[in-house]
Every structure is written in C-alpha cells, then in structure tokens.
Amino acid sequence: MSESSAEVVVDVASAAVAASAAGAAGGWRRATGLAGVAIGVVATGAAAGVALERMTVGRGIRQKARLALDSAGPYGALRGMPGKAISDDGTELHYEVDDVDPDAAPASGPRRRRLFGRKAPAPVTVVFSHGYCLSQDSWHFQRAALRGVVRTVHWDQRSHGRSGRGVAQSRDDEPVTIEQLGRDLKAVIDAAAPEGPIVLVGHSMGGMTVMALADQCPELIRERVVGVAFVGTSSGRLGEVNYGLPVAGVNVVRRVLPGVLKALGQRAELVEKGRRATADLFAGVIKRYSFASRDVDPAVARFAERMIESTPIDVVAEYYPAFNDHDKTEALAHFADLPVLVLAGVQDLVTPSEHSEAIADLLPDAELVLVPDAGHLVMLEHPEVVTDRLADLLTRTGAVPAGATVKGYGSTSTAQPG
C-alpha cells in the first residue's frame, strides 16, 4: 500500500475520532460518511486503504450492477435442517445440519450390515465455524461439495448471521471474548452432534473459536475429535499485524481505532446510514482485504460484501478488542496427535500466512498449505484448493468414504467401479 493511501486512512480515522469527541448530533451526521469508510476497514479485520478507482464509475451504474449480482448470484442460498443451541448466557445460536445422503455412498463400497440389538454408530460430523463479520454461508463452496457425502453442521457465531444478539453483550454490557466463543461452539456441538466423532473446521475467528474449545474441553478433543482444519487463522499476536500499512499508518490506526469503534457503536443508527452512503468505498476496501486475485468472480466479491455489510456496527465494535487479547498457542497441543490441515492465502493481510506457519510449527505432523494469489477469504477465492485439501483430510479421518469424489467447485459425484 502506498503512503498516500495510508494517509487517507489516518485522516478518516482521525476525523471519526474528532466527531466522537464532539458528540453533537449534527457533527455525527457530517461524520457518517467518513465513519462508513472506517467501518468498512474494520469490518474486514483491518485498518487500511480505499479503492479510489471505483469512484470513476457512475454511482447509478454501480448500484445497478450490485442489484444484478444480488439477483444472479446463487451463493449463500444453501440451507439445511435448522436447529437452535442455547449458550451459557442464554444466547440463541442458529445452526443447520446437512445429513448424509444414503444414495451418495460409493457403489463399490462394502454392503451395510444390519445390526440386530445394537444401535448403529453415529456418523462423523464436520462442524464449520466462520470468521469475523461473516456467517455460515461463507463456506458455500465447501458445503455444496460435501453435501450428502458427510454429515455437516454450519452455525452462525453470536450476533452474526441468523444467531441471536449476544445476551451478555446486549443485557450486561460484557465484552465479547474468544473464550465465550469456545463455549458457544460447545453448546452447538452438544445440540447438533451430541455423539459420534467430530471434525472441526474454522476460518479466521472460527479457528480461534476451535482453539478456545480445546483449551476449555480437552477431554472432548481427546475422546471425540478425529481431525481439525485451520483456515486463515492465528493462535495469537494479532496486535503485531500491520495489515499492509506502512509503520506510521499502523501506529496511528492502532492508537485511534479503539476510540473510533467505541464511539461509532454508540451511534449505530446514524453510522449505518453513512455506511450505506459510502457503499462504493466500502466495497473497494472489502475486496482489497478479502481477495488477492484480480479476476475474482464479481458475484463472489459481491457475496462477501453482503455478508460483511450485514454485520451491525455495534457488533463490529464489540468484537474487535477480543482479537488483541487472543492467545491460544498452548491450546494447540491438544491437536498434536490428530490429522490437522493448516491452510492460508500467501497474500492474506488480515491474518498473515506467517501465523499459519507458526501453527504448523507447533503441530509438525500437520499438513501446511499456502495458497499463492490468495487473500483472507481463500475458501471463496480459491474454493477448489480448499475443498480438495479438506476432502483429503476428511478421507484420512474416515469421515468421507475413500470411494467418494468431492469436486472442487461444489458438485459431488461418486466414483464408479472401472
């Protein structure tokens, strides 16, 4: 990123802080445009530049393009059997289950035996946890590819997607912690997969959630978990990430961002209006911090934009401090004897690939996959790579029959005898 781009961000953040200090309603209305840009930055987990080239195209044309992509894009339309888990503070957590399709079993596979007097063993369940400002729909391609082949659970983290607003946050004004997210995941597992082996898959914040679960429930990992996948995540030291900014820009953003977020979260209604008004800049920032490829499908880029847009600013604000406090390096030891996949985009500016390499260093038997020309949302940007390596992990754990072929772009076929 250029120095001039960094200066734009610093100016935006500084202006928003000044508006928060003023506190006047008129000042807030004038600041909402700037605040919208700052929110766009934060919503992707970073504080960085603005895609100015989008300003050269007429606003009306861009609005029509977004509407066309919204109507044409099939992404995020997959739905499963819905369920509800209740976390320890009373938060309602929405999850969906995709069960195994009996007809998807390999034709060449062994004949099933009828177990008289005994209950058939529970199938392997793959539990997917999504990242910050996303939802369960961020796993669209992998969900489509595995549908019917293996039992999967997709859930929305508290205050995201279809899950309820965090009770501890809305009622008691408690901060969100990664530890709380680990307890939420345990509640989802208890409700959606109370028995049988489990494979845990987490992207970004979702991977941190998996680590928190291991820290709190090592016996669950030891007795039931048969495999783990960490995608674009970190075990700690996120406060050192520079998000592609020069040193001066990083220092300023780190100094002002907590105050900006706190102030914006207190004026959510006004800020959301400003956020909509600056949708074009917002979309440019999302694209920069989500993807690295120049030829990303516009419908996929718009899909990511919609997910992030749907996260309310007060939720963005209350989650952000949790990442600086995150440190689950020691929890990784609970996965040492399991098949583990660690995958990241080489050009990820939010959770740099060095963080995935650090995880792999602590789990020497893990498979480390670094995807060139990939950013933070690698599972959307290069779904074929993520699906392929995930399918291999599931085969190694016995979750997917060896005869089943999982294709990269979301279609599934069954291998036929030659």
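Quick summary incoming for the structure in this document. (Residues numbered from 1 in each chain as written. Predicted model: local features only at pLDDT ≥ 70, side-chain atom pairs only at ≥ 80, totals over all residues. Heavy atoms only, no water.)

An α-helical segment advances 3.6 residues per turn. Residues three or four places apart therefore align on the same side. Here helix 6 (residues 178-192) is 15 residues long and its end C-alpha atoms lie 21 Å apart, about the 21 Å a rise of 1.5 Å per residue gives. Considered for burial, the residues of helix 6 that qualify are Ile178, Gln180, Leu181, Gly182, Asp184, Leu185, Ala187, Val188, Ile189 and Ala192. (Helix = DSSP H or I, 4+ residues; strand = E, 2+ residues; numbered from the N terminus. Expected span 1.5 Å × (residues − 1). Buried < 20%, exposed > 50% of the residue type's maximum accessible area, 1.4 Å probe, protein only.)

Looking now at the sheet that holds strand 8 (residues 367-371). What the eight strands build is an open sheet, ordered 1-2-4-3-5-6-7-8; its pairing is mixed. Where the open sheet ends on each side, the last strands, each with one partner, are strand 1 (81-86) and strand 8. Sheet twist, expressed as the average angle between the axes of neighbouring strands with direction ignored, equals 20°. Packing of helix 14 (residues 353-362) onto the sheet brings it into contact with strand 6 (225-231), strand 7 (340-345) and strand 8, and relative to strand 7 it is tilted by some 165°. (Pairing = 2+ DSSP bridges. Axes fitted to C-alpha atoms, helices over the stretch in contact; angles between N-to-C directions. Contact = heavy atoms within 4.5 Å.)

As for its placement among the helices and strands, glutamine 142 is situated in helix 4 (residues 140-146). The buried category is assigned to glutamine 142, whose relative accessible area is 0%. Beyond its immediate sequence surroundings of up to four residues, glutamine 142 is in contact with Phe128, Met379, Pro383, Val386, Thr387 and Leu390.

Moving on to the nonpolar core. The biggest cluster of nonpolar side chains holds 60 residues, and the ones touching the most others in it are Leu380 and Leu394. Excluding residues that lie within four positions of it along the chain, leucine 380 makes contacts with Ser138, Phe141, Phe291, Val300, Phe303, Ala304 and Met307. Counting 32 residues, the second-largest nonpolar core is a separate cluster that includes Val153, Trp155, Ile198 and Cys217. (Core = buried A, V, L, I, M, F, W, Y, C linked by side-chain atoms within 4.5 Å.)

All right, on to unusual backbone geometry then. A positive phi angle is found at serine 159, which is not glycine, with a value near 70°. Among the secondary structure elements, serine 159 is positioned in the loop between strand 4 (151-155) and helix 5 (167-170). Note on serine 159: relative accessible area 9%, which makes it buried. Here the phi dihedral of arginine 237 falls at roughly 65°; this positive angle occurs in a residue that is not glycine. One can find arginine 237 in the loop between strand 6 and helix 9 (247-265).

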